[in-house]
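Read off the chains here:
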Amino acid sequence: MDRMSEMVLYDLAGAEPERRFSPYCWRIKMALAHKGLAARTVAWRFSDKEAIAFSGQGRVPVLVDGDAHVHDSWAIAEYLEERYPDRPALFGGAAGHAVTRFVNAWADRMMVPAVARLVIVDILNHLDENDREYFRSSREKVFGRTLEEVMADRETQVPAFRQLIEPIRTTLRAQPFLAGEAPAYADYIPFGVLQWARAISPFRLLEEGDPVAQWRDRLLDAFGGLARNAPGY
């Protein structure tokens with residue numbers, strides 16, 4: 001059997017199996033498309049821990065590639081770059097890899113929590129019934145208040161988010177993608193965060209005409225509209 005036909009990606013889904021919303025899974029779906037690699041995605045929910053028990057942990061994405069399995073989006077991206085060096089590069093060499101590590105850390109520590117505060121109840125509303133109690137209790141423990149309280153003032157919070165991503169905006173005024181003339185994994189990291197929100201919330205994060213919105217549109221249309229054609233708002 002062709003090795004690529006054996007590649008499987010466990011991908012977070014909502015109540016609707018086709019609604020895939022994990023920012024980390026979206027990074028890998030874009031990375032696979034960038035590499036020209038086909039993977040069968042498996043809808044996974046928070047209550048499906050047993051389905052990925054073989055990975056030794058309980059979160060997605062999990063990539064199965066033949067006899068190998070890798071979890072954590074950053075580790076998967078590094079695996080794809082090392083395992084398929086003849087395919088288009090995700091990092092663009094050692095220097096690009098190092099800088100992209102910073103982008104990954106910045107997005108995880110800054111963008112993800114900021115977006116979560118703006119869409120957290122929308123996520124809850126799209127979850128399968130079996131996932132809702134876990135999601136509410138685990139996230140309320142993190143935030144120290146109810147999800148409704150976290151999101152109650154999002155209209156007043158969104159300007160701060162738009163200011164937070166000013167470094168992205170400034171970069172995109174000088175070049176079409178964060179990686180330069182063409183996208184790479186440095187683009188897919190923050191794009192995945194925005195696609196997460198788009199998949200589960202009608203709330204507008206970006207203003208029309210924003211260079212970040214225009215960049216997002218270019219990535220929505222990339223790879224034959226992979227991200228744009230996914231269920232979302």
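Below: a short report on this structure. (Residues numbered from 1 in each chain as written. Predicted model: local features only at pLDDT ≥ 70, side-chain atom pairs only at ≥ 80, totals over all residues. Heavy atoms only, no water.)

**A word on unusual backbone geometry**
- For the peptide bond that leads from Val60 to Pro61, omega is 10 degrees, which places it in the cis range.
- For Pro61, the position within the fold is in the loop between β2 (40-44) and β3 (62-65).
- Phi is positive for Asp72, close to 80 degrees, though the residue is something other than glycine.
- Classification of Asp72 as partly exposed rests on a relative accessible area of 41%.
- Not every positive phi belongs to a glycine, and Phe223 is a case in point at roughly 55 degrees.
- Summarising the element assignment, Phe223 is placed in helix α10 (residues 222-225). (Helix = DSSP H or I, 4+ residues; strand = E, 2+ residues; numbered from the N terminus. Buried < 20%, exposed > 50% of the residue type's maximum accessible area, 1.4 Å probe, protein only.)

**As for the pairing of strand β1 (residues 8-12)**
- When you tally the buried positions in β1, you get five out of five residues, the bulk of the element.
- Of the two faces of β1, the one holding Val8, Tyr10 and Leu12 and the one holding Leu9 and Asp11 are both buried throughout.
- With five bridges connecting them, β1 and β2 associate as parallel partners. For Tyr10, the partnering residue across the bridge sits in β2 and is Val42.
- One crossover worth recording links β1 to the parallel β2 by way of helix α1 (residues 23-35), and it is right-handed.
- Pairing between β1 and β3: three bridges, direction antiparallel. (Pairing = 2+ DSSP bridges. Right-handed = clockwise from strand over helix to strand, strands pointing away.)

**A short note on helix α9 (residues 211-220)**
- The buried fraction of α9 amounts to seven of the 10 residues, a majority that puts the element mostly inside the structure.
- Those residues of α9 that are buried are in contact with α1, α7 (166-172), α8 (185-200) and α10.
- Where α9 starts, the residue carrying a side-chain oxygen 2.9 Å from the main-chain nitrogen of Val212 turns out to be Asp210. (Contact = heavy atoms within 4.5 Å. Polar contact = N/O pair within 3.5 Å; in protein donor to acceptor, adjacent residues only side chain to side chain.)

**Some remarks on the nonpolar core**
- Counting residues in hydrophobic clusters, the biggest one holds 74 residues, and the most contacted among them are Phe21, Leu80, Met111, Ile123, Phe161, Tyr185 and Leu205.
- Broken down by element, the residue count for this core peaks at 14 residues, all from helix α3 (residues 93-126).
- Leave out the neighbours within four places in its chain, and Met111 touches Trp106, Phe161, Leu164, Ile165, Ile168, Pro190, Val193 and Leu194. (Core = buried A, V, L, I, M, F, W, Y, C linked by side-chain atoms within 4.5 Å.)

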